[in-house]
Structures are given as C-alpha cells and as structure tokens.
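# Descriptive structure summary
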Amino acid sequence: MDAKIAFEKAFLEAVGAAPSRNVPLSALSSFGIGGPADLFFEALNEEELAKAVALAFAEKYPFYVIGGGYNLLFDDAGYRGLIIRNRLEGVRPEGQCLNVLSGTSLACVLSEAVGAGLTGLEFLAGIPGTVGGAVYGNAGAYGWSIGDVVRWATILWPDGERKTVAREDLGFGYRDSVLKKKAGIVLKATLLCTPGDKAESETRVREILHKRWAKHPPHGTACAGSYFKNSCSASGARVAAGQLLDQAGARGLAVGDAAVSDVHCNFIVNRGNATSADVLRLAEDLKELVHRKFGVRLEEEVIHLRADASMT
C-alpha cells in the first residue's frame, strides 16, 4: 500500500477525521507563496492536535505545525508530508493573567487584555500571527518580547508527551526559544499582565499602531514580516537589519516578483507572482550586500519550510 494512503487510513482511525489532499500552501501563507501539501489537517482542539502529532511521530511521517501562516516561506514544490494547522482558540482572564490557547491570534489576545483592564501586552499591537508561533519564536517589538510576559506554557513534544513548564525553562532569547531546538509545540500559555487603566492602554495601542503603519508595508501586503533578525554590534547592542540593508543599497532590488519593500528594506514582498526561489535568491543577494558593506552576516527570521522538511 502507498505510504500516503496507509497514513491517511491510520490518521482517520487515530484522530477520527480525515486529512485533506493536495492543499495549496499559498492560500495558507501571508507571502502567498507555496505549492501543494500532500496532506493537510486543521486541529480544532488539543486532543486532535496531540493525536495527529503523536501518530506522525510514531509512523515517522513528515509533519509540520503552522499557525497563522506568518513568518513562513513555503516551498514552490509544496510539502511532502502532513501540514497541521493549529486552530486551538480561546482566551480566559484569571486575576492578573490571561490563559490563552495557542491558536489564538495576538490581536485577539491584546483586545481581551485591554477589555479586561490589563496592561503589559500593548507591544503586541500590530504583530500578526498566533500565540503559539509568537512563543515559539519569542516575537516582540519596541524592546519587549512575549517571553517577558509568559508565566507558564503547556508544550506538546513530538513524541506526544505534554508538559507544563515555567518561563525559565523555555530558554527564551532574541527571536528564539528552546522550542526551536527541540521541536516543541505550544498548546496553551499563561501571560502575566498588570491591572491598569483601559483608556491609557487604548491610547498606547493606537500610538504603536501608528508607528508601525508609518514605517511598515501596508496591511495586507503579501510578505512574511521582517525577513532578517536585527544584528549585534561589536558592543552587543542590536542594530536594525532594515537600517543596514538601506545603507548597503538594498532599496529597489528585486528578483522576479520578489522585491525589497519601498517602505522598509527588511521586508521582502510578493509583487504578484513571486516564487520561493525568487525570495531565497533575493535574500542571498541582500545578505551578500550587507556583508560586503559592513562585514555583518544577516540571519533569517523567516523560516523557509523545505518540501522535505519535518519538525522532527
């Protein structure tokens, strides 16, 4: 029996629902790029997600879990395995904390916090994606990262083990966490906030959104967010990748329909028909440009998911 057909049968028995076939990843990507995934499944609750992951791990079937499709570049060839979309959604205030399911959008989390009179999450304003992806990559802005406010997180490991761990055990670093190294999947998290004034929070959110809108590509632009991480200077301070790219002459560069944004040089945008090959070639050109000018090697923040990749 064909391996894919055999896995589909086992998946239906284990999870209670069948995965879809040949789903175009471009429709699941903020970049609008990507060929078909052999199999695709939307997990609507923790048990579905856990069963799907445990089965793929046990069967050694390639799989990858996604959230909102941001910060990802899918391959032109698609994905030779199972893409699982995390749709675990929900927010529950509890005292000074928010208990959040990992598929919940950051916009929803921020709205719930402000509505409950809780402050400390305003830096999330305008950051796309879900809580799970944000914790995985320690997303942040304006000097704050989500790792600063995580109290606990329940993690699903590829072998099916579920464990609730404290912030200190998540190994947060700049756009990094231990989850990247060990392929952990966030199921839910508790975010620690501070009681505050709702009107002041709303004002702060508007200020941050205004700043983002002024210097980032317009909302809805086909891109994956900041393409490169900010680099460290000799003193250890972070230097904005967009600034290095701009000064190195990146503005206006393009490969095919992949182009450097006219608004911010650290955004690669899809002008309509860009391929992942276009994006990857342009990214390499940009890295070489900055290295020649400043001796700095930029590191990608956006994850390129190869057609043959797996979380394990």
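In case you missed it, the structure is sitting above this.
Note that this is a predicted model, so its numbers are computed, not measured. (Residues numbered from 1 in each chain as written. Predicted model: local features only at pLDDT ≥ 70, side-chain atom pairs only at ≥ 80, totals over all residues. Heavy atoms only, no water.)

## What about the pattern of salt bridges?
Tallied over the full model, the rule gives 19 salt bridges. Between glutamate 301 and arginine 175 there is a salt bridge; the shortest N-O distance is 3.9 Å. With glutamate 301 in the loop between helix 8 (276–294) and strand 20 (303–305) and arginine 175 in the loop between strand 12 (162–166) and helix 5 (178–182), this pair connects stretches of sequence that are 126 residues apart. By relative accessible area, arginine 175 is classed as buried at 12%. We note a salt bridge from aspartate 246 to arginine 251, for which the minimum N-O separation is 3.0 Å. By relative accessible area, aspartate 246 is classed as partly exposed at 33%. Within this structure, Glu42, Arg85, Arg87 and Glu89 form a network of salt bridges that share partners. (Salt bridge = Lys/Arg side-chain N within 4 Å of Asp/Glu carboxyl O. Helix = DSSP H or I, 4+ residues; strand = E, 2+ residues; numbered from the N terminus. Buried < 20%, exposed > 50% of the residue type's maximum accessible area, 1.4 Å probe, protein only.)

## Things to note about the packing of aromatic side chains
When we look at a pair of aromatic rings, we describe it by the centre distance and by the angle of the planes. One pass over the structure, following the stated rule, counts five aromatic pairs. Consider the rings of phenylalanine 7 and tyrosine 61, whose centres lie 4.0 Å apart with planes at 5 degrees: the pair is stacked. You can see phenylalanine 7 sitting in helix 1 (residues 3–15) and its partner tyrosine 61 sitting in the loop between helix 2 (46–58) and strand 3 (63–66), a full 54 residues away along the chain. With respect to class, phenylalanine 7 is no different from tyrosine 61; both count as buried. Geometrically, the ring pair formed by phenylalanine 11 and phenylalanine 41 is edge-to-face, given 5.0 Å between the ring centres and 70 degrees between the ring planes. Of the two residues, phenylalanine 11 sits in helix 1 while phenylalanine 41 sits in strand 2 (residues 36–43), which places them 30 residues apart along the sequence. Take phenylalanine 11 and phenylalanine 41: they sit in the same class, and that class is buried. (Phe/Tyr/Trp six-rings, centres within 6.5 Å; stacked < 30°, edge-to-face > 60°.)

## Focus: the sheet that holds strand 7 (residues 97–101)
The antiparallel open sheet is built from five strands, whose spatial order is 6-7-13-11-12. Either end of the sheet is taken by a strand with one partner, and the two such strands are strand 6 (91–94) and strand 12. Across the sheet, the mean angle from the axis of one strand to that of its neighbour is 15 degrees, orientation sign disregarded. Of the strand pairs in this sheet, strand 7 and strand 13 (residues 185–192) are connected by five bridges, and their pairing is antiparallel. From the neighbouring strand, asparagine 99 faces strand 13, where its bridge partner is threonine 190. Of the strands in this sheet, strand 11 (150–156), strand 12 and strand 13 touch helix 2, which is tilted by about 140 degrees from strand 13. (Pairing = 2+ DSSP bridges. Axes fitted to C-alpha atoms, helices over the stretch in contact; angles between N-to-C directions. Contact = heavy atoms within 4.5 Å.)

## A look at the sheet that holds strand 3
The sheet built from four strands is open, its strands ordered 1-2-5-3 with mixed pairing. Of all the strands in the sheet, the pair left with one neighbour each is strand 1 (20–24) and strand 3. Across this sheet, the average inter-strand angle for adjacent strands is 40 degrees, counted without regard to direction. Two elements, strand 1 and strand 2, share four bridges in a ladder whose sense is antiparallel. Directly across from proline 24, in strand 2, lies its bridge partner proline 36. Set on the sheet, helix 1 makes contact with strand 1, strand 2 and strand 5 (79–86); between it and strand 2 the angle comes to about 0 degrees. Packed onto the sheet, helix 2 meets strand 2, strand 3 and strand 5 and runs at close to 155 degrees relative to strand 3.

## Remarks on the pairing of strand 5
Among the eight residues of strand 5, six are classified as buried, and the element is accordingly described as predominantly covered. Pairing of strand 2 with strand 5 involves six bridges; the strand directions are parallel. Looking across to strand 5, one finds that alanine 43 is bridged to asparagine 86. Bridge count between strand 3 and strand 5: four bridges; the pairing is parallel. Each residue of the ladder has a partner; that of valine 65, found in strand 5, is isoleucine 84.

## A few points about the packing of helix 7 (residues 241–248) against helix 8
The contact between helix 7 and helix 8 brings their axes to 9 Å, and the two run at 80 degrees. Viewed along their axes, helix 7 and helix 8 adopt a mutual orientation that is roughly perpendicular. From helix 7, Leu244, Leu245, Gln247 and Ala248 reach across to helix 8, where they touch Leu286, Leu289, Val290, Lys293 and Phe294. Class assignment of the residues belonging to the contact of helix 7 with helix 8 gives a composition of seven nonpolar, one polar and one charged. (Parallel < 35°, antiparallel > 145°, perpendicular 65-115°, else oblique. Nonpolar A, V, L, I, M, F, W, Y, C, P; charged D, E, K, R; others polar.)

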